[in-house]
Amino acid sequence: MENKEILEMLVEDVGLTIQIEYVQDAQKFLDRLEREKSGFKTFDMFFIDYSLSYGILGSSLIKKLRGINVDSDILFYSSQHESDIREMVSKDLGSFEGVYIANRNNFDEKSNYLIKKNSKRLSSLSNIRGLLTDQTSQNDFIVNSYVMNEYPKLTSEQQVEIMNIILDLMKKQKEAFAEASEIEIMKIETKGSIDIKKLFKLRNFLFTLDMKYKMFQKIIEYNNVSTFDDNPFENYKDVTQWRNKLAHKKLEVCKGQRHIIFSDNHKQHTNRMCSDDCIVIETDLNEKISIDEWNILRKKVVSYGKCFDSVLDSITPIDIPELI
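Okay, so let's go over this structure. (Residues numbered from 1 in each chain as written. Predicted model: local features only at pLDDT ≥ 70, side-chain atom pairs only at ≥ 80, totals over all residues. Heavy atoms only, no water.)

Overview of the packing of helix α2 (residues 26-33) against helix α3 (residues 58-67)
Defined as follows: Axis lines are fitted through C-alpha atoms, for helices just across the contact stretch, and the angle between N-to-C directions can take any value from 0 to 180 degrees. The helix and strand labels rest on DSSP assignments: H or I over at least four residues marks a helix, E over at least two residues marks a strand, and numbering proceeds from the N terminus. When describing relative orientation, an angle under 35 degrees is termed roughly parallel and one over 145 degrees roughly antiparallel, while 65 to 115 degrees is termed roughly perpendicular and anything else oblique. Whether two residues are in contact is decided by their heavy atoms, any of which lying within 4.5 Å being enough.
In contact at an axis separation of 10 Å, α2 and α3 are set at 10° when each is read in the N-to-C sense. In terms of orientation, α2 and α3 fall into the roughly parallel class. Between α2 and α3, the contacting residues are Phe29, Leu30 and Leu33 on the first element and Leu61, Lys64 and Leu65 on the second.

Structural notes on the environment of Lys117
How we decide: Using a 1.4 Å probe on the protein chains alone, a residue whose accessible area is under 20% of its type maximum counts as buried, one over 50% counts as exposed, and one in between counts as partly exposed.
Positionally, Lys117 belongs in helix α5 (residues 107-122). Judged by relative accessible area, Lys117 falls into the partly exposed class, the value being 34%. The contact partners of Lys117, leaving out residues within four places of it in the chain, are Asp73 and Tyr100.

Describing the nonpolar core
The condition is simple: Nonpolar core, defined: a set of buried Ala, Val, Leu, Ile, Met, Phe, Trp, Tyr and Cys residues in which side-chain atoms within 4.5 Å join the residues together.
With 21 residues, the main nonpolar core has Leu33, Phe46, Ile48, Ile62, Leu65, Ile74 and Phe76 as its most contacted residues. Beyond its immediate stretch of four places on either side in the chain, Ile48 contacts Gly58, Leu61, Ile62, Leu65, Ile74, Leu75, Phe76 and Tyr77. Of all hydrophobic cores here, the second largest spans 16 residues; its members include Tyr236, Ile289, Tyr304 and Val311.

Comments concerning the pattern of salt bridges
Opposite charge on two side chains permits pairing when their charged atoms draw close. As a reminder of what qualifies: Salt bridges, as used here, are contacts in which a Lys or Arg side-chain nitrogen is within 4 Å of a carboxyl oxygen on Asp or Glu.
Counting across every chain of the model gives 11 salt bridges. Where Lys153 meets Glu150, a salt bridge forms, and the shortest distance between an N and an O atom there is 3.4 Å. Between Asp238 and Lys300 there is a salt bridge, with the nearest N and O atoms lying 3.2 Å from each other. One end of the pair, Asp238, is in helix α10 (residues 237-246); the other, Lys300, is in helix α12 (residues 291-313), and 62 residues separate them in sequence. On the basis of relative accessibility, which here comes to 27%, the residue Asp238 falls in the partly exposed class. The class for Lys300 is partly exposed, based on a relative accessible area of 31%.

Notes on the sheet that holds strand β5 (residues 259-263)
Counted only if it meets this: Criterion used throughout: strands pair if DSSP finds at least two bridges between them.
Taken in spatial order, the three strands make up an open sheet running β4-β5-β6, and their pairing is antiparallel. Edge positions in the sheet fall to β4 (250-253) and β6 (288-290), since each has one partner strand and no second. With direction set aside, neighbouring strand axes in the sheet form an average angle of 20°. Pairing between β5 and β6: three bridges, direction antiparallel. Paired with Ile261 across the bridge in β6 is Lys288. Contacts from α10 reach β4, β5 and β6, with the element oriented near 60° to β5.

So, a nonpolar patch on the surface
Rules: Candidates for patches are residues over 30% relative accessible area with no salt bridge; among them, like charges are joined within 9 Å and nonpolar side chains (Val, Leu, Ile, Met, Phe, Trp, Tyr) within 5 Å. Under the convention used here, a 1.4 Å probe and the Shrake-Rupley method define accessible areas, while residue burial counts only the protein chains that appear.
Together, Val143, Tyr146, Val147, Tyr151, Val160, Ile162, Met163, Ile165, Ile166, Leu167, Leu169 and Met170 line one region of the surface with nonpolar side chains, adding up to about 1,100 Å² of accessible area. Listing elements by their share of the nonpolar patch, those giving two or more residues are α6 (125-150) and α7 (156-191). Looking at the element boundaries, Leu169 is found in helix α7.

Focus on the pairing of strand β2 (residues 73-77)
Side chains on a regular strand alternate between the two faces of the sheet. Here is the rule: Throughout, right-handed denotes a crossover for which the path from the first strand over the helix to the second runs clockwise when the strands point away from the viewer.
By the criterion of burial, β2 is predominantly enclosed, with five of the five residues buried. Here β2 shows no split at all, with Asp73, Leu75 and Tyr77 on one side and Ile74 and Phe76 on the other all buried. The pairing of strand β1 (residues 45-49) with β2 spans five bridges and is classified as parallel. Bridging across to β2, Met45 finds its partner in Asp73. In this fold, the crossover linking β1 to β2 by way of α3 has right-handed handedness. As defined by bridge partners, β2 adjoins strand β3 (residues 99-102) across four bridges and the pair is classed as parallel. In the sheet register, Leu75 faces β3, and the bridge partner there is Tyr100.

If you want it as structure tokens, here you go:
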């Protein structure tokens, strides 16, 4: 209990969203690790006691983790058996690579070091983007679920009031879009050309992301850019479609760790979770992404990322338009 409280305090001090899972049944956890071999990985750090349930030693759990190529940092601790732990490690360094040893006196110090060490990785630019996307998707999920659940409970007067608010916003959006669009179209038609700096300053509903990509595609065609020869640009939609599909969804790894489930609200989330045997029926295919699909998609993301990086590298500073 003392170690549990120390970990929670340290995580809170770091200021990152980190979920701690406490495992009491070592055998069930060992069984669960079998799914880590071919499924989605679910842990970034491990804090493992020397003595576990059913007489299982923490060392056997660590060897199991390393045996399935889980290379996360591990803190192996004991209040009474530190010397035994160090002897185990010295005799089998290969199985205990990346394992830190702690006792009662230095548990909080070693834990603090590991959490801060991993927090630096979690706070890198790419992970901040991931955290923002994940958190905003979670927020969208909560808002959708709450509104869908609570709106029917309102009085008829309250529902009418909300309806009128939504209608007013829709009409204003329509009017603003139409007027702004007409003005910008007239400017371009009158001038007979595009002011690229001003174009990129337009609001997203006027100059959409799709428009920017179409411009990009046409320009690389004009410039005979060969970067996308092996990865045709028109196929990049496979990546963007998944991004758009998952952008504002709640994501969760299923019980079998073979699929990521995505949903808009709590009802969908409950209905879409895999059964214990993780069998996916045909109607589920648009609601889940499998580990195999994810690996393919991840390779595409990396591959196209290199293509875009190559285009960026070809730009000289003088070519970059000043948008501010």
